[in-house]
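Here's the letter readout for the chains.
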Amino acid sequence: MKFQSIQKIHSGRFIHRYDITYETGEGKKKVYEMISRNPAIDTQEELQKKKPDAVVLIMHDETGGKILLNREFRMALGNWVYNFPAGLIDPGETPEQSAARELKEETGLDLLAIRDRMALSYSAVGFSNESNICLVGTASGTFQKSSSAVEEIEAGWYTREEVKKLLAAEIFAARTQAYCYLWSRQ
């Protein structure tokens, strides 16, 4: 495939919609619709940036026997969804600083340690270039209501058996579901 051009179609407060024109291997012109956090993409290099937009937190308790999940209301579904704590990296923040801030804002918990930092991943690779860094670590403290006025979040610790039951009956974000499935079967 050969990139030809990118055109901004619409700008919202947080999401921006683009049409990417490219040529297929057979020489056919195609237009790919996508969204991005970046409000000003003009080149292929800007489109394919390698800097993360957000951080995803895969946190376990100090015993390693429980995993932290947020149950959050998502307007696009009109329903509650299980997901890992996550959020955008603010300008000037490292992913680790963002992780500590987001964890505190969403759950009230403190970040004790980061054990692993995964390579760049994408939130919805089929229609967005939003990228994430997943951090795996340990958290502790006392749960508090989310400090965000625009998020409805109920955070909790879950055992492997509890996660198995949730997986059979509840709605999950895809990345959270996949990780929890594997973790619950260890």
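See above for the structure.
The present account deals with the structure reproduced in this document. (Residues numbered from 1 in each chain as written. Predicted model: local features only at pLDDT ≥ 70, side-chain atom pairs only at ≥ 80, totals over all residues. Heavy atoms only, no water.)

**Describing the nonpolar core**
Then, in step 1: Ranked by internal contacts, the top residues of the largest apolar core, which has 16 residues, are I67, L69, F84, Y158, V163, F172 and C180.
Then, in step 2: At the level of secondary structure, the elements contributing two or more residues to this core comprise β4 (54-60), β5 (67-74), β10 (131-140), α3 (160-169) and α4 (174-184).
Then, in step 3: Per-element accounting of this core gives the leading share, three residues, to α3.
Then, in step 4: If we skip the residues at most four places from it in the chain, Y158 touches G65, K66, I67, L69, Y82, V163, L166 and W183. (Core = buried A, V, L, I, M, F, W, Y, C linked by side-chain atoms within 4.5 Å. Buried < 20%, exposed > 50% of the residue type's maximum accessible area, 1.4 Å probe, protein only. Helix = DSSP H or I, 4+ residues; strand = E, 2+ residues; numbered from the N terminus. Contact = heavy atoms within 4.5 Å.)

**Some points on the sheet that holds strand β1 (residues 2-11)**
Then, in step 1: Read across the sheet, three strands follow the order β1-β2-β3 without closing on themselves; strand pairing throughout is antiparallel. For this open sheet the edge positions go to β1 and β3 (29-36), each flanked by a neighbour on one side alone. Neighbour-to-neighbour, the strand axes of the sheet open up by a mean angle of 25 degrees, direction not taken into account.
Then, in step 2: Bridging between strand β2 (residues 16-23) and β3 involves eight bridges; their strand directions are antiparallel. Bridge pairing in β3 links I20 to Y32. (Pairing = 2+ DSSP bridges. Axes fitted to C-alpha atoms, helices over the stretch in contact; angles between N-to-C directions.)

**Observations concerning the pairing of β2**
Then, in step 1: Across the eight residues of β2, six count as buried, placing the element largely inside the fold.
Then, in step 2: Bridging between β1 and β2 involves eight bridges; their strand directions are antiparallel. Its bridge partner lying in β2, H10 is registered against R17.
Then, in step 3: The loop that links β1 with its antiparallel partner β2 comprises four residues.

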